[in-house]
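Structural characterization, general
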Amino acid sequence: MCIRIAVVDDLPTIAIWDPNEVTILVDRGTHPHYLIRELHAILTVDLGAPDIPGAGLSCFCGEPVELPFALAPVTAGAPTL
């Protein structure tokens, strides 16, 4: 995986690309629906990652981009990741 995702507090927007750290910074507490849409837009539009329907988020090199555990939605009664 080339691109990392880091959770931070008090960003002025949902997600920001940090080219110096090759990291997408995401605002803690953002609803997962909006977060995934914003990450998809940054990866595909801004960074040129492939847009493969149903494949999840991908890096510009084609490797999957994984969300940090802190962002993984937890559903009551569901097994943990």
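Thresholds applied
Residues numbered from 1 in each chain as written. Predicted model: local features only at pLDDT ≥ 70, side-chain atom pairs only at ≥ 80, totals over all residues. Heavy atoms only, no water. Helix = DSSP H or I, 4+ residues; strand = E, 2+ residues; numbered from the N terminus. Buried < 20%, exposed > 50% of the residue type's maximum accessible area, 1.4 Å probe, protein only. Contact = heavy atoms within 4.5 Å. Areas by Shrake-Rupley, 256 points an atom, 1.4 Å probe, with all protein chains shown as cover. Pairing = 2+ DSSP bridges. Axes fitted to C-alpha atoms, helices over the stretch in contact; angles between N-to-C directions. pLDDT = per-residue confidence, 0-100. Salt bridge = Lys/Arg side-chain N within 4 Å of Asp/Glu carboxyl O. Expected span 1.5 Å × (residues − 1).

Another point: the overall build of the protein. Along the backbone of the protein there are 1 helix and 3 strands. Secondary structure of the protein in N-to-C order comes out as β-β-β-α. Burial analysis of the protein (81 residues in total) assigns 30% to the buried set. The contacts in the protein between residues at least 6 apart in sequence include a share of 29% that link residues at least 24 apart. Surface summary for the protein: the accessible area is close to 5300 Å², and the carbon and sulfur share equals 56%.

Take the sheet that holds strand β2 (residues 15-18) next. Spatially, the 3 strands line up as an open sheet ordered β1-β3-β2, and their pairing is mixed. Each edge of the sheet is formed by a strand with only one pairing partner; in this case those strands are β1 (4-8) and β2. The average angle at which neighbouring strand axes cross in this sheet is 25°, direction not considered. The pairing of β1 with strand β3 (residues 23-27) spans 5 bridges and is parallel. By the bridge assignment, Val8 is partnered in β3 with Asp27.

Further remarks concern the confidence of the model for the protein. Per-residue pLDDT for the protein has a mean of 83; in total, 84% of the residues score no lower than 70. Ranking the elements of the protein by mean pLDDT puts β1 last with 91 and β2 first with 94. Per-residue pLDDT stays below 50 along residues 74-81; that stretch engages in 2 contacts with residues further than four places along the chain or on separate chains.

For the coordinates displayed, the defined rule picks out 1 salt bridge. Here Arg28 makes a salt bridge to Asp9, at a shortest N to O gap of 2.8 Å. On the criterion of sequence distance, the pair formed by Arg28 in the loop between β3 and α1 (32-46) and Asp9 in the loop between β1 and β2 is long-range, its members being 19 residues apart. In this structure Arg28 comes out as partly exposed when scored by relative accessible area, which is 44%.

One non-glycine residue, Asp10, lies in the positive phi region at around 60°. Turning to its location among the elements, Asp10 is positioned in the loop between β1 and β2. Residue Asp10 is classed as exposed on the basis of its relative accessible area, which comes to 73%.

Before going further, it helps to spend a moment on α1. When the terminal C-alpha atoms of α1 are compared, their 20 Å separation across 15 residues agrees well with the 21 Å that a helix rising 1.5 Å per residue should span. Taken together, the buried positions of α1 are occupied by Leu35, Leu39, Ile42, Leu43 and Thr44.

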